[in-house]
Amino acid sequence: MSDATSPQNDPKSLIRIARESGETMEGEPLDLGVRVRDLRKARGWTLEQAAGQAGLARSTLSKIENGQMSPTYEALKKLAEGLSISVPQLFTPPARVEANGRMVVTKAGEGAAHATTTYEHELLAENLTSKKMLPYRARVRARSMEEYDGWVRHDGEEFLLVLTGVIRLYTEFYAPVEMRRGDSAYYDATMGHNVVSVSPEDATILWVTSLT
């Protein structure tokens, strides 16, 4: 990320560029029958297969799915065990997954530039709002830890991939690691971390930071 010597170079400022508040949605009432049917179909099971897994009669499971009967707690326990989930999960709405068709292409060299004393960042996919990840390319100017004013740390997790050159990744809890083209690292970004170039030329890396 960027050096910690000033607010302008604070790595959190890069994250603030990409993070925007999302909308909250109220949950809809859960239909147990629909929930059970969806769980069964997600596993590719027929009524007979699911009923066998749960130790219930096929007719009983069919009535539950069609809202024609309210299952006893014992039946719910059997259903949950058969589906390899907990009883509360039977009443928990699934995560809403809807394809929204969002996509943005950033041509080489067209990313938004953000230079600091230790890095030259190029933000990628900048025009895509409410991202869950912040991808960017960086040229590593720093050549020693002394160029940083302490550790860089921020919320989230981070993925690093070396594109060119050689870097040394310093982290708060691990020994320094020398990394070359094609090497990658995934780490907790709340742990202090800094990167320096150790090759004759400035190394370039791809960084992806989580925003949620």
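It should be emphasised that the depicted structure is a prediction, and the values quoted were computed from it without experimental measurement. (Residues numbered from 1 in each chain as written. Predicted model: local features only at pLDDT ≥ 70, side-chain atom pairs only at ≥ 80, totals over all residues. Heavy atoms only, no water.)

Draft legend 1. Local environment of the pattern of salt bridges. Overall, the coordinates contain eleven salt bridges when judged by the stated rule. E65 is the partner of R37 in a salt bridge, and the nearest nitrogen-oxygen pair spans 3.6 Å. Linking R37 in helix 2 (residues 32-42) with E65 in helix 4 (residues 58-65), this pair joins segments that are 28 residues apart in sequence. Just as R37 is buried, E65 falls in that class too. Salt-bridge contacts for E48 lead to R58; the nearest nitrogen and oxygen are separated by 2.8 Å. One end of the pair, E48, is in helix 3 (residues 47-54); the other, R58, is in helix 4, with ten residues separating them in the sequence. E48 gets classed as partly exposed once you look at its relative accessible area, which sits at 45%. Look at R58 and you get partly exposed, because its relative accessible area is 42%. (Salt bridge = Lys/Arg side-chain N within 4 Å of Asp/Glu carboxyl O. Helix = DSSP H or I, 4+ residues; strand = E, 2+ residues; numbered from the N terminus. Buried < 20%, exposed > 50% of the residue type's maximum accessible area, 1.4 Å probe, protein only.)

Draft legend 2. Highlighting the nonpolar core. L160, I167, V195, I205 and W207 are the most contacted members of the largest nonpolar core, which has 25 residues in total. Residue assignment for this core shows that the elements contributing at least two residues are strand 2 (119-123), strand 3 (133-140), strand 4 (157-164), strand 5 (166-171), strand 7 (184-188), strand 8 (193-197) and strand 9 (204-210). Ranked by residues supplied to this core, first place goes to strand 3 with four residues. Apart from the residues lying within four places of it in its own chain, the contact partners of L160 are I167, L169, M179, D183, S184, A185, Y187, V195, I205, L206 and W207. In this structure, L39, A51, I64 and L79 belong to the second largest nonpolar core, which totals 18 residues. (Core = buried A, V, L, I, M, F, W, Y, C linked by side-chain atoms within 4.5 Å. Contact = heavy atoms within 4.5 Å.)

Draft legend 3. View of empty space enclosed by the protein. Under the definition given, this model contains one cavity of 30 Å³ or more. Space inside the largest cavity adds up to approximately 40 Å³. Lining the largest cavity are V36, R40, W45, A50, Q53, A54, L61, L79, G82 and L83. For the lining of the largest cavity, the secondary structure elements donating two or more residues are helix 2, helix 3 and helix 5 (73-82). Residue classes in the lining of the largest cavity are distributed as seven nonpolar, two polar and one charged. (1 Å grid on protein atoms, 1.4 Å probe; cavity = no way out; pocket = protein on both sides within 12 Å on 5 of 7 lines; lining within 4 Å. Points joined across faces, edges and corners; volume = space filled by probe spheres on them. Nonpolar A, V, L, I, M, F, W, Y, C, P; charged D, E, K, R; others polar.)

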